[in-house]
Each structure stands twice: as C-alpha cells, then as structure tokens.
Amino acid sequence: ESMRFVPRSILIDLDPTTLDAIKASPGGAMHKPDNLCFAASGAGNMWARGHYCEGAELIDEIIDIIRRTSEECECLQGFQVAHSIGGGTGGGLGTLILLKCRDEYPDKITCT
C-alpha cells in the first residue's frame with residue numbers, strides 16, 4: 001500500500017516564477033495545487049504595493065484558502081507563518097495576511 005503525504009501548507013507569492021519553480025521541483029508534486037496562490041506580477045520589493053495594491057487584490061482568495069485548509073484540521077491551534085520582513089510580498093503582503101488571520105481567528109496562536 002502506497003501512502004502519500006501532503007503538507008498542510010499554503011504557498012503564496014506575488015511573483016509567479018517562484019511558485020512555478022517549486023511546482024517544477026522534485027518535491028513540487030507533494031503540494032496541493034489548490035493551496036498555491038500567486039499574482040500575475042510581483043510587488044517590486046515595495047511594502048505598500050504588497051500591502052495595499054497587489055496584496056489587497058489577492059487577500060480574499062488567500063483567506064479562502066486559509067479557511068478551507070483550517071476546516072480540514074481536527075483541532076486547529078494556530079498558524080506558523082514563514083515570511084521575509086522586507087519587501088513587497090514578505091513585508092507588505094505578509095503583514096496583511098497576519099492582520100486578516102488575527103481578525104478571522106482571534107483565539108488562535110500566530111507565530112512568525
């Protein structure tokens with residue numbers, strides 16, 4: 001009997017080339033395609049574009065993916081977010097995601 005493990009992760013980037021590289025990698029097939037979320041162009045290393053422009057256009061889809069993934073859990077305790085501090089995706093979009101997660105799940109632990 002063959003077992004297939006699927007990580008409970010959500011991969012997000014405003015630049016599609018990064019996630020394309022992950023999908024093409026040997027471990028790329030283990031990620032659920034529904035849990036990959038990307039925009040058409042990057043934030044150009046600008047916090048405001050990641051938070052207010054490109055990120056704001058994508059945040060509803062991201063929160064839907066988070067909600068769907070959370071509902072698959074038996075006992076959701078919290079979120080662990082790995083993101084960069086600077087730039088548009090890690091800094092701008094990262095803080096937007098954290099703010100929305102705190103709004104949606106105020107009683108859950110958030111670790112960044």
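In what follows, the structure referred to is the one given above.
Not measured: the values here are computed from a predicted model.

A. Local environment of the nonpolar core. Among the nonpolar cores identified, the biggest contains 18 residues, and Leu14, Leu58, Ile59, Ile62, Ile66, Leu93 and Ile97 are the most heavily contacted of them. When residues of this core are traced back to their parent elements, those giving at least two are α2 (47-71) and α3 (87-104). Element by element, the count of residues in this core is highest for α2, at six residues. Apart from residues no more than four positions distant in its own chain, isoleucine 59 is found in contact with Leu96, Ile97 and Lys100.

B. Representation of the packing of α2 against α3 in the model. In contact at an axis separation of 8 Å, α2 and α3 are set at 45° when each is read in the N-to-C sense. Relative to α3, the element α2 is oriented oblique. As α2 packs across α3, the resulting crossing turns out to be right-handed. Residue-level inspection shows Trp47, Gly50, His51, Gly55, Ala56, Ile59, Ile62, Ile63, Ile66 and Arg67 of α2 in contact with α3, the latter providing Gly87, Gly88, Gly91, Gly92, Leu93, Thr95, Leu96, Ile97, Leu99, Lys100, Cys101 and Glu104. Its residues placed into classes, the contact of α2 with α3 shows 11 nonpolar, eight polar and three charged.

C. Summary view of the environment of cysteine 101. Relative to the helices and strands, cysteine 101 resides in helix α3. Classification of cysteine 101 as buried rests on a relative accessible area of 4%. Along the sequence, cysteine 101 and glutamine 80 sit 21 residues apart, while their C-alpha atoms lie 11 Å from each other. When residues no more than four places from it in sequence are discounted, the contact partners of cysteine 101 are Ile66 and Pro106.

D. Structural view of unusual backbone geometry. Although it is not a glycine, asparagine 45 sits at a positive phi angle of roughly 60°. Along the chain, asparagine 45 turns up in the loop between β2 (36-38) and α2.

E. The packing of aromatic side chains, seen in detail. Within the structure shown, the criterion is met by two aromatic pairs. Here the aromatic rings of tryptophan 47 and tyrosine 52 are separated by 5.9 Å at their centres, their planes lie at 75°, and the arrangement is edge-to-face. You can call tryptophan 47 partly exposed: its relative accessible area is 38%. For tyrosine 52, a relative accessible area of 56% corresponds to the exposed category.

F. Focus on the environment of aspartate 64. Take aspartate 64: it is sitting in helix α2. Relative accessible area serves as the criterion here: at 41%, aspartate 64 is assigned to the partly exposed category. Residues aspartate 64 and alanine 43, 21 residues apart in the sequence, show an inter-C-alpha distance of 21 Å. Side chain to side chain, aspartate 64 and arginine 67 meet in a polar contact 2.9 Å long.

What counts, and where the lines are drawn
- Residues numbered from 1 in each chain as written.
- Predicted model: local features only at pLDDT ≥ 70, side-chain atom pairs only at ≥ 80, totals over all residues.
- Heavy atoms only, no water.
- Core = buried A, V, L, I, M, F, W, Y, C linked by side-chain atoms within 4.5 Å.
- Buried < 20%, exposed > 50% of the residue type's maximum accessible area, 1.4 Å probe, protein only.
- Helix = DSSP H or I, 4+ residues; strand = E, 2+ residues; numbered from the N terminus.
- Contact = heavy atoms within 4.5 Å.
- Axes fitted to C-alpha atoms, helices over the stretch in contact; angles between N-to-C directions.
- Parallel < 35°, antiparallel > 145°, perpendicular 65-115°, else oblique.
- Left-handed = near helix turned anticlockwise from the far one by under 90°.
- Nonpolar A, V, L, I, M, F, W, Y, C, P; charged D, E, K, R; others polar.
- Phe/Tyr/Trp six-rings, centres within 6.5 Å; stacked < 30°, edge-to-face > 60°.
- Polar contact = N/O pair within 3.5 Å; in protein donor to acceptor, adjacent residues only side chain to side chain.

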